[in-house]
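# Commentary on secondary and tertiary structure
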Amino acid sequence: MFAALAAPRALTPPEKAMLRAQLKTTLKIATDDGADDAEGLLAFVLDMVEAGETVDRVTKELLSLEMCGEAEAEKIEACLAKFFFSLEARQQELQAEAEDAARLEEGLAPIPDVAAAFRGDLASDARRHVEFLRALHDAGVTRSPPSNESMRRYVDLWLPFVHKMCLQNPTCQLVPPDDVAWIWHCHRLAPYQYLKYVRGRFGVTSGKDAILARWEANGPRKAADAALDGLVDPSHPFSTNSFLDLNSPVAATRARARNALLNLGSEMEVHGDTFKLFKKMYPGESFRLDERKETPPSEGTIGYDIASACERQKTFLWQVTQPNFSDEQFLREGVENYLKFVRLMKKKEHKYLVPTYQIDLMWHTHILSSLSQYHRECMAIAGTVLDHDDSLNDRAEGGQLDTNFRATCELWRSEYGEDYAVPGGMYRGEPPKEFWEHSVEYFVRDENTPWMDINHPDAFIAAKPKSKTEGVNNNPCKGGYIFGKGSRGAGYYNLQTKESYRVLLKRIEKEESDAWVYLVLFMFIFPILVFMLEQRKLNDARKFARAQLRASGPNEAISLPKNTEKRLKLYRRDKPRDSQAYGYAYDSSALITVAGGCGGGGSGGGGCGAYVEPYYG
């Protein structure tokens, strides 16, 4: 249950005493064999904790050596887990306080509080968002421009349908068909233009200022307001019938992701209800797109070029399928950086800011999840309307996108004292032609991917000087990198490079050497069993690193002895993410990589920007 939970650092004397007291209380309750046995068991547990073993490993050793029964082991496990969780929470609090104090001394803004700024879980919503885009790509919807028939279905059928259903039931839940879902998605990414259109289209009497004021105050709404909110705040912003329909050709390839991300039971029911309600309102229309139907271009206008917006947005998925976008820590950091980005809106000297793709994913997710909530939270953070414009895509050096991206980088460093660019979260060039010919799975883990050149911009990140502030680590663990000294000096080496595994082998040799020194110097208190377990772990790591070095690329499947594979599964990611002593990860067939490349020329930022003034009349 607690396979990766261990003491986050070496314990201080008061902490050791506290843990000893807690364990002693537990052991007195858990054992009936007398004080001597209890003290012996206590000493063994403390030795393993001091050696950095995980809670899971401690209890497994207790059981394998028959030092206690399963019931006693569970009590000890619970005691250790509770202590380590509280210790880790306190460490995070102290580190945050130290970082804020250090930043204030340097004249920098404190790290923002994400939980206080955003009501929802943007990182989880972003995962759902990417899966939604993948489903539409795999279904072929985003690979070609929307047809005249799809535009008709969106403008003349779907929007009136949503409006009517929400008038009848303010809490209605609806899931759109694929083609409509994509057009609706792209239209809503121009949030205030979309609001202007639906307000005029459906005769909403409330003025723009009144609507925005109600959103900002989160005030009560009338029936007409509920219908409007149903149009701007969809009940299922990242769902579509291919995502949910088990008969869809996309279903088989998306099953694993759906099962992990969706509550299929409830959403399948919503999908079924939507289909019935749609057919009741439009008995002569098909819920899904009939591609054989020929429809002339619409003579009406909605005040926004949706077809062009769809053309621009169809490449967004390519940018956010880099390996980092599957890493939970990377997404959480993306939410933090997005909050910092919104805060920059207070700087009135820059009217146009360009996001990284890490930030852009969170920005899109925030807008699409709920426009009213997006508006309310941006006003609270920045004090201004934050509009979204994706129409700038000229990445030529000196162009508007490039110039504003460079200005954003400078403003970011001035405000936060750190680099703006994020490895694996930047523009990586336009999609190759194969992207339009295959499902996304074809690109997610390509075993034919060659090794990254050591001179690639993402290959190496130089180490920062050691912090002089207690509790602040200037070189924390980075997903997808090994920290150590290699051909380019001390720093982070991308796991897509061969050099990272050479660095890993050096670190394994250093760990082995240190373990022997400890054994010789402290042989009376350094448990032989712990030493042997550590040596076996390092030997497994060496086998893995050498096998990876023999591979023709970073994603190629490698072969390891069955016993080695079995053990690697048990202690994969044995240490916390911020542990520099154990900065490597294991998988039974290939290394889990969570870093991707950026580049492609021109601006490294996303193809959109933020206005500090509303682009909405």
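Calculation notes
Residues numbered from 1 in each chain as written. Predicted model: local features only at pLDDT ≥ 70, side-chain atom pairs only at ≥ 80, totals over all residues. Heavy atoms only, no water. Salt bridge = Lys/Arg side-chain N within 4 Å of Asp/Glu carboxyl O. Helix = DSSP H or I, 4+ residues; strand = E, 2+ residues; numbered from the N terminus. Buried < 20%, exposed > 50% of the residue type's maximum accessible area, 1.4 Å probe, protein only. Disulfide = S-S within 2.5 Å. Core = buried A, V, L, I, M, F, W, Y, C linked by side-chain atoms within 4.5 Å. Contact = heavy atoms within 4.5 Å. Polar contact = N/O pair within 3.5 Å; in protein donor to acceptor, adjacent residues only side chain to side chain. Phe/Tyr/Trp six-rings, centres within 6.5 Å; stacked < 30°, edge-to-face > 60°. Lys NZ or Arg CZ within 6 Å of the ring centre and 35° of its normal. Pairing = 2+ DSSP bridges. Axes fitted to C-alpha atoms, helices over the stretch in contact; angles between N-to-C directions. Left-handed = near helix turned anticlockwise from the far one by under 90°. Nonpolar A, V, L, I, M, F, W, Y, C, P; charged D, E, K, R; others polar. pLDDT = per-residue confidence, 0-100. Parallel < 35°, antiparallel > 145°, perpendicular 65-115°, else oblique. Expected span 1.5 Å × (residues − 1).

## Thoughts on the pattern of salt bridges
Enumeration over the complete set of coordinates arrives at 15 salt bridges. Note that arginine 152 is salt-bridged to glutamate 285, the shortest N-O span being 3.0 Å. Residue arginine 152 is located in helix α7 (residues 148-168), and its partner glutamate 285 is located in the loop between α14 (264-281) and α15 (306-313); the two are separated by 133 residues in the primary sequence. Accessibility classification places arginine 152 together with glutamate 285 in one group, the buried group. A single salt-bridge network, built from bridges that share partners, covers Asp121, Arg127, Glu328 and Arg332.

## A few points about the state of the cysteines
Chemically, a disulfide is nothing more than a covalent bond linking the sulfur atoms of two cysteines. Summed over the entire model, instances satisfying the criterion amount to zero disulfides. The structure places no disulfide on cysteine 186, whose sulfur is separated from the nearest cysteine sulfur, that of cysteine 310, by 3.7 Å.

## Quick look at the nonpolar core
In terms of nonpolar packing, the biggest core is built from 95 residues, with Tyr154, Trp158, Leu159, Tyr338 and Tyr374 touching the most fellow members. By residue number, the principal contributor to this core is α7, which donates nine residues. Setting aside residues no more than four positions away along its own chain, tryptophan 158 makes contact with Arg153, Leu174, Val175, Pro176, Pro177, Val180, Trp184, Thr274, Phe278 and Phe287. In this structure, Leu11, Leu23, Val49 and Cys79 belong to the second largest nonpolar core, which totals 22 residues.

## Points about the side chain of aspartate 179
Within the fold, aspartate 179 resides in helix α8 (residues 178-188). A polar contact is formed between the side chain of aspartate 179 and the side chain of serine 150, at a distance of 2.9 Å. Apart from the residues within four sequence positions on either side, aspartate 179 is in contact with Val141, Ser150, Arg153 and Leu289.

## What to know about helix α3 (residues 55-64)
Across the ten residues of α3, seven count as buried, placing the element largely inside the fold. Val55, Asp56, Arg57, Val58, Thr59, Glu61 and Leu62 are the residues of α3 that are buried.

## Details of the packing of aromatic side chains
Each aromatic ring pair is characterised by the separation of its centres together with the angle its planes make. Evaluation of the coordinates by the stated rule reveals 20 aromatic pairs. Seen in terms of ring centroids, phenylalanine 325 and phenylalanine 330 are 5.1 Å apart; in terms of plane orientation they differ by 75 degrees. Their pairing is edge-to-face. Among the aromatic side chains, those forming a connected cluster through ring pairs are Trp158, Phe161, Trp184, Phe275, Phe278, Tyr282 and Phe287. For lysine 340, the ring lying beneath its charged end belongs to tyrosine 416, and the centroid distance is 5.4 Å. If you follow arginine 428 out to its NZ or CZ, it ends over the ring of tryptophan 318, 3.6 Å from the centre.

## Let's talk about the pairing of strand β5 (residues 489-494)
Sheet topology note: the strand β3 (residues 460-462)/β5 ladder contains three bridges and is antiparallel. Each bridged residue has a counterpart across the sheet, and for phenylalanine 460 the counterpart in β5 is tyrosine 493. With six bridges joining them, strand β4 (residues 481-486) and β5 adopt antiparallel strand pairing. By the bridge assignment for β5, lysine 485 is matched with alanine 490. Joining the antiparallel neighbours β4 and β5 is a turn of two residues.

## Details of the packing of helix α6 (residues 122-138) against helix α17 (residues 328-343)
In contact at an axis separation of 9 Å, α6 and α17 are set at 115 degrees when each is read in the N-to-C sense. α6 and α17 meet at a crossing whose hand is right-handed. In this structure, α6 uses Leu122, Ala123, Ser124 and Arg127 to contact α17, whose residues at the interface are Glu328, Leu331, Arg332, Val335 and Tyr338. Across the contact of α6 with α17, the residue classes break down as five nonpolar, one polar and three charged.

## Description of the sheet that holds β5
Strand pairing in a sheet is mediated by backbone hydrogen bonds. Such pairs are either parallel or antiparallel. Here three strands make up an open sheet; going across it, the order is β3-β5-β4 and the pairing antiparallel. Across the chains shown, the open sheet's two edge strands, defined by having one partner strand only, are β3 and β4. Direction aside, the axes of adjacent strands within the sheet are offset by 35 degrees on average.

## Considering the confidence of the model for the protein chain
When the pLDDT values of the protein chain are averaged, the result is 76; 74% of them are 70 or greater. Counting interchain partners and residues more than four positions distant, the pLDDT-below-50 stretch residues 572-603 has 111 contacts.

## A few points about the environment of phenylalanine 544
Secondary-structure assignment places phenylalanine 544 in helix α23 (residues 528-550). Classification of phenylalanine 544 by relative accessible area gives buried; the value is 1%. Counting along the chain gives 15 residues from phenylalanine 544 to serine 559, while the straight-line C-alpha distance between them is 8.9 Å.

## Some remarks on the packing of α8 against α15
At their nearest, the axes of α8 and α15 sit 9 Å apart, and the two run at 95 degrees to each other. Overall, the two elements α8 and α15 adopt an arrangement that is roughly perpendicular. Judged by residue contacts, Trp182, Ile183, Cys186 and His187 of α8 engage Ile306, Ala309, Cys310 and Gln313 from α15. Here the residues of the contact of α8 with α15 are counted per class, giving six nonpolar, two polar and no charged.

## Overview of helix α20 (residues 400-416)
With 17 residues, α20 should reach 24 Å at 1.5 Å per residue; the first-to-last C-alpha distance of 24 Å fits that figure. For α20, every residue scored as buried is listed here: Leu401, Asp402, Asn404, Phe405, Ala407, Thr408, Leu411, Trp412, Glu415 and Tyr416. Trailing α20 by a residue or two, glycine 417 shows a phi angle of about 65 degrees, which is positive.

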